[in-house]
Structure formats: structure tokens, C-alpha cells
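Coordinate analysis (summary)
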Amino acid sequence: MEQMPCPCGLDALYTECCGPLIKGERHAKTAEELMRSRYSAYTQVEMDYILSTTHPDQREDYDEANSRKWAAESEWYGLEIVSTEAGGEEDSEGVVEFIAKYAQKRMRHSHHERATFSKIEGQWYFEDGEIVAPKPIKRETPKVGRNEPCPCGSGKKFKKCCGKKGA
């Protein structure tokens, strides 16, 4: 683990990036840095860090046993920071939108969330998160009706050509 790349996705070693935060050697300077370190903590099943960086008002709902089980049973594939709003060193609040990629039981998942962070006495905390729903798929071409001519140019009705079950 000493020489492994940091799971958070930055081009740095774990021991120089998120490791010192998780070990309590220093605090995150920004909301994004806290988000990255929390992702890394999940990959390393460091649940004490997850609890300690959760806003004190939100800790009552934290289920350590289930969180530990979920983190340990997951295979982690990466973190993508989509956007950040505020959350800098001089700010007291921030929002980080991210996508965490993982698999469970060989099935891949993407957790897309807008997380809110707040700073109390100089320390950043995760406050809450809201799942970002996938955008609806927009059709590029109009839908072909079953009784309309098939767009492949065969001259047949769509239902008797490309729209046929098993076609």
C-alpha cells in the first residue's frame, strides 16, 4: 500500500495524497480534497475516517456496519469529479458533483451525486448528498410506427421487416 497510486484519481501516491488525511495527519484544505479522500477511504475500508468527516449533525444516521460491508465487498474503479461550486480554502460551504465507479458481484455501478460540504472551525465535513438522475435519452430520429414503411428501404411495413421480433 505504501507505493500504490492514490485511488482518488490524482497523479500522486496514496502516502502523499489521501493517506495523510485518512491517518489524521492533516485536514482537507478544500471540499474537493475531502471528497477525494472520502472516496479513497471507502476503497481502503477506512470507516472511522468516513464517520469523522461526516457533519456532526448527520452522524446519527450513519450505519457503520453496513457501510463497512458495502465498501469491503465493492471493487473500486475510479472517481470522476464532474464539477465544484465554492468549497475553496477561504469558503465555508461547497458542492462537489462526482461519479464514483465500483462493482459488486461483478456488476458495475456508477454512483452520481451532488454532495454538500461545510466547514466548522477550519475543518471540512460532508453534510449531505443528492443523487443525480441520469438524463433522459433523446431520440435523434422520429420513432417509426409499426405500420409505416420500414426505414431500411425494403418497401415492407416496419412490423414485417426490421420491427419484427427477433429481427
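This write-up is about the structure you can find in this document. Small disclaimer: the values here were computed from a predicted structure and weren't measured.

1. Things to note about the sheet that holds strand β2 (residues 93–104)
Ordered by their spatial adjacency, 4 strands build an open sheet running β1-β2-β3-β4, and the pairing between neighbours is antiparallel. Bordering the open sheet on either side are β1 (75–86) and β4 (123–131), each of which pairs with just one other strand. Between one strand axis and the next, the sheet turns by 30° as a mean value, whatever way the strands run. With 12 bridges joining them, β2 and strand β3 (residues 107–120) adopt antiparallel strand pairing. Note on β3: the bridge partner recorded for A100 is H111. Along the sheet, helix α2 (residues 31–43) contacts β1, β2, β3 and β4; its crossing angle with β1, the most-contacted strand, is approximately 165°. Together, β1 and β2 form the strand contacts of helix α4 (residues 64–73), whose direction differs from that of β2 by roughly 60°.

2. Points about the layout of surface pockets
Summary: where empty space remains is shown by rolling a probe the size of a single water molecule over the atoms. Within this model, the largest pocket holds a volume of roughly 600 Å³. Going through the elements one at a time, α2, α4, β2, β3 and β4 are the ones with two or more residues in the lining of the largest pocket. Its residues assigned to classes, the lining of the largest pocket comprises 12 nonpolar, 6 polar and 6 charged.

3. Focus: the pairing of β3
Hairpin connection, β2 to β3: the antiparallel pair is bridged by 2 residues, and K105 has positive phi, about 50°. Pairing of β3 with β4 involves 8 bridges; the strand directions are antiparallel. Residue pairing across strands places A115 opposite G129, the latter belonging to β4.

4. What to know about the side chain of S40
Residue position: S40 is located in helix α2. We classify S40 as buried; its relative accessible area is 0%. Within the local environment of S40, its side chain forms a polar contact with the backbone nitrogen of C8, the two atoms lying 3.3 Å apart. Look past the residues within four positions of S40 in its chain and what remains in contact with it is C6, P7, C8, Y14, C18 and I22.

5. Looking at the pattern of salt bridges
In this structure the tally under the stated criterion is 7 salt bridges. Across the pair E64 and R68 runs a salt bridge, and its minimum N-O distance is 2.7 Å. Highlighted residues: E64 and R68, both in helix α4, separated by 4 residues, approximately one helical turn. For K69, the salt bridge is made with E73, and the minimal N-O distance between the two is 3.1 Å. In this pair, K69 and E73 are both assigned in helix α4, 4 residues apart and thus about one turn of the helix distant. Residue classification places E73 among the partly exposed residues on the basis of a relative accessible area of 45%. Look at the salt bridges and you will find they share partners, linking E85, E97 and R114 into a network.

6. With respect to the state of the cysteines
Summed over the entire model, instances satisfying the criterion amount to 0 disulfides. C6 takes part in no disulfide bond, and the closest cysteine sulfur, belonging to C18, lies 3.5 Å away. For C6, a relative accessible area of 6% puts it in the buried group. C162 takes part in no disulfide bond, and the closest cysteine sulfur, belonging to C150, lies 3.6 Å away. Overall, the relative accessible area of 43% leaves C162 in the partly exposed class.

Criteria and cut-off values
Residues numbered from 1 in each chain as written. Predicted model: local features only at pLDDT ≥ 70, side-chain atom pairs only at ≥ 80, totals over all residues. Heavy atoms only, no water. Pairing = 2+ DSSP bridges. Helix = DSSP H or I, 4+ residues; strand = E, 2+ residues; numbered from the N terminus. Axes fitted to C-alpha atoms, helices over the stretch in contact; angles between N-to-C directions. Contact = heavy atoms within 4.5 Å. 1 Å grid on protein atoms, 1.4 Å probe; cavity = no way out; pocket = protein on both sides within 12 Å on 5 of 7 lines; lining within 4 Å. Points joined across faces, edges and corners; volume = space filled by probe spheres on them. Nonpolar A, V, L, I, M, F, W, Y, C, P; charged D, E, K, R; others polar. Buried < 20%, exposed > 50% of the residue type's maximum accessible area, 1.4 Å probe, protein only. Polar contact = N/O pair within 3.5 Å; in protein donor to acceptor, adjacent residues only side chain to side chain. Salt bridge = Lys/Arg side-chain N within 4 Å of Asp/Glu carboxyl O. Disulfide = S-S within 2.5 Å.

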